[in-house]
Amino acid sequence: AGDGKEPLLVGWTDSRRKTGVLSLQAPGSQWSQAFSLDGAGTTEVVTVREETGGKYTHNRGCFVFGVSTEVAPSRYRRTKIVTVAPRFLLVNFSGRTLQCKQVGTPDTAATTLGPRSTSPFHWHDGGVREKSLKLSVRFSEYGWEWSGGLVLEAPAELALRLRNPISHTVYLLRVDIRSVGASV
């Protein structure tokens, strides 16, 4: 309908399979592990890893999606609605431009997030252990340092301390991590 949320209709007939499964692939990536379409009212995390020339490297990116499955309303109850969304969606309510990146990656991997804007976030280096995936933030202005690492997996409300040693300014940035549908 012109809003970037075009429905994708998928159907299959396989008398041997009594369950429906699906896999995802992004351009330049390998296929995700198959996930079930049978659990209505469920949300799953699906990971798609980049590949480089068929050879897997430590520094390949990692796309993380949330997939929710619902039963369609009333007369369409035999239909499943599957929503695929970026697992992490960054929202900037600060009124200032932010830069966001994975801890330990180069500054060139940063995502710039303007005031009052949103952007999906994917890990630049998906080769690190899942538990050490952390987000770092700073203002996109001269002198601001990267914040400490922020784990995105669990809902939380916290303040992130940002420092500018040149102007001797400290700013506490309010961070709200929420789970909304298939995204965090």
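Since the structure is predicted, the reported quantities are computational estimates derived from the model, not experimental observations. Residue positions are given per chain, counted from 1 along the sequence in the order it is written. With pLDDT at 70 or above as the cut-off, local features in this predicted model cover only qualifying residues; side-chain atom pairs require 80 or more to be listed or tallied, and sums for whole chains, interfaces and linings still use all residues. Neither water nor hydrogens contribute to the side-chain values; these are computed over all heavy atoms in the structure.

Caption draft 1: Here's a closer look at the side chain of Ser119. Helix numbering and strand numbering both begin at the N terminus, where a helix is a DSSP run of H or I of at least 4 residues and a strand a DSSP run of E of at least 2. Among the structural elements, Ser119 can be located in strand β9 (residues 117–121). Look at Ser119 and you get buried, because its relative accessible area is 15%. Note on definitions: a residue-residue contact is assigned when non-hydrogen atoms from the two residues lie within 4.5 Å. Leaving out residues up to four positions away in the same chain, Ser119 has contacts with Phe88, Leu89, Leu90, Thr111 and Leu113. Residue exposure (1.4 Å probe, protein chains only): buried if accessible area is under 20% of the type maximum, exposed if over 50%, otherwise partly exposed.

Caption draft 2: Structural context of a nonpolar patch on the surface. The grouping of Leu89, Val91 and Phe93 at the surface amounts to a nonpolar patch, some 300 Å² of accessible area in total. Along the chain, Val91 falls in strand β6 (residues 88–92). We classify Val91 as partly exposed; its relative accessible area is 41%. Note on patches: the residues involved have over 30% relative accessible area and no salt bridge, like charges join within 9 Å, and the nonpolar side chains Val, Leu, Ile, Met, Phe, Trp and Tyr join within 5 Å. In these tables, accessible area is a Shrake-Rupley quantity obtained with a 1.4 Å probe, and a residue counts as shielded only by the protein chains included in the view. By convention in these notes, a salt bridge is any Lys or Arg side-chain nitrogen within 4 Å of a carboxyl oxygen on Asp or Glu.

Caption draft 3: Local environment of the nonpolar core. We define the nonpolar core as a collection of buried residues of types Ala, Val, Leu, Ile, Met, Phe, Trp, Tyr and Cys that are connected through side-chain atoms lying within 4.5 Å of one another. Judged by nonpolar contacts, the single largest core of 21 residues is most densely connected at Leu98, Phe121, Trp123, Leu135, Val137, Leu150 and Leu152. Mapped onto this core, the elements with two or more residues apiece are β4 (62–71), β6, β7 (98–102), β10 (135–139), β11 (156–164) and β12 (169–177). Those residues in contact with Leu98 that sit more than four places away from it in its chain are Asn92, Thr111, Thr112, Leu113, Val137, Arg138, Phe139, Ser140 and Leu173. Core analysis: the second largest hydrophobic core is formed by 8 residues, Leu24, Phe35, Val46 and Phe65 among them.

Caption draft 4: View of the environment of Ala156. Mapped onto the elements, Ala156 comes out in strand β11. Residue Ala156 is classed as partly exposed on the basis of its relative accessible area of 29%. Contacts of Ala156, omitting those with residues within four sequence positions, involve Val175, Asp176 and Ile177.

Caption draft 5: Local environment of the sheet that holds β7. DSSP bridges decide pairing: two strands pair if at least two such bridges lie between them. A sheet is described by the order of its strands in space; here 3 strands give the open sequence β8-β7-β10, paired in antiparallel fashion. This sheet does not close on itself; its edge strands, each paired only once, are β8 (111–113) and β10. Shown here is a sheet whose adjacent strand axes are inclined to one another by a mean of 25°, direction ignored. Note that β7 and β10 share 5 bridges and pair antiparallel. From the neighbouring strand, Gln102 faces β10, where its bridge partner is Leu135. Axis definition: a line fitted to C-alpha atoms, limited for helices to the stretch in contact. Angles are taken between N-to-C directions and run from 0 to 180 degrees.

Caption draft 6: Representation of the pattern of salt bridges. A complete count under the given rule lists 6 salt bridges for this structure. Between Glu141 and Arg96 there is a salt bridge, with its nearest N and O atoms 2.7 Å apart. Of the two residues, Glu141 is situated in the loop between β10 and β11 and Arg96 in the loop between β6 and β7; the sequence distance between them amounts to 45 residues. When its relative accessible area of 24% is taken as the criterion, Arg96 is described as partly exposed. The shortest N-O distance in the salt bridge between Asp176 and Arg178 comes to 3.0 Å. Here the salt bridges do not stand alone but share partners, grouping Lys101, Asp107 and Arg138 into one network.

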